[in-house]
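Coordinates in review
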Amino acid sequence: MVKHIILWKLKDELSETEKEKAKQGIKEGLEGLLGQVPGLVDIHVNIHGRLASSNADVMLDSTLESPEALRAYASHPAHVAVADSKVRPYTSVRTCLDYEE
């Protein structure tokens, strides 16, 4: 199994209302990929409970079957569509950690 963890910082110029809407869109879009992308075993987007000590706004925690499944996920049309419409327009910083369990 491969863990694919992403942390995003939302763009500073977004209002609090825009940030909340963006976070919800990211969550719905990415979690909606379960069952659409082969090899995607589990996916969860955390948008609530952020403590003041955090320096990221959104966390993706996903599990894929293999490194090959991770590569296929990255280029899958459904994932690309979500990334292009729900994630990239609203985020300024992306940090990624991928590892095998």
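You'll find the structure just up there.
This section reports on the structure supplied with the text.

What counts as what
- Residues numbered from 1 in each chain as written.
- Predicted model: local features only at pLDDT ≥ 70, side-chain atom pairs only at ≥ 80, totals over all residues.
- Heavy atoms only, no water.
- Core = buried A, V, L, I, M, F, W, Y, C linked by side-chain atoms within 4.5 Å.
- Buried < 20%, exposed > 50% of the residue type's maximum accessible area, 1.4 Å probe, protein only.
- Helix = DSSP H or I, 4+ residues; strand = E, 2+ residues; numbered from the N terminus.
- Contact = heavy atoms within 4.5 Å.
- Arc of directions from axis to C-beta.

What follows concerns the nonpolar core. If you look at the biggest cluster of nonpolar residues, it comprises 22 residues, and the most contacted ones within it are Trp 8, Ile 26, Leu 30, Leu 33, Leu 60 and Tyr 73. Taken together, the elements giving at least two residues each to this core come down to β1 (2-10), α1 (16-31), β2 (40-46), β3 (58-64), α2 (67-75) and α3 (77-87). Non-local contacts of Leu 30, meaning those with residues more than four positions away in its chain, are made with Trp 8, Ile 43, Val 45, Leu 60, Tyr 73, His 79, Val 82 and Val 87.

A few words now on α2. What α2 keeps buried is the set Ala 69, Leu 70 and Tyr 73. Down the axis of α2, the sector holding all buried residues measures 105°, keeping them to one side. Pointing more than 90 degrees away from the buried face of α2 are the exposed residues Arg 71 and Ser 75. Buried positions along α2 lie against β1, α1, β2, β3, α3 and β4 (91-100).

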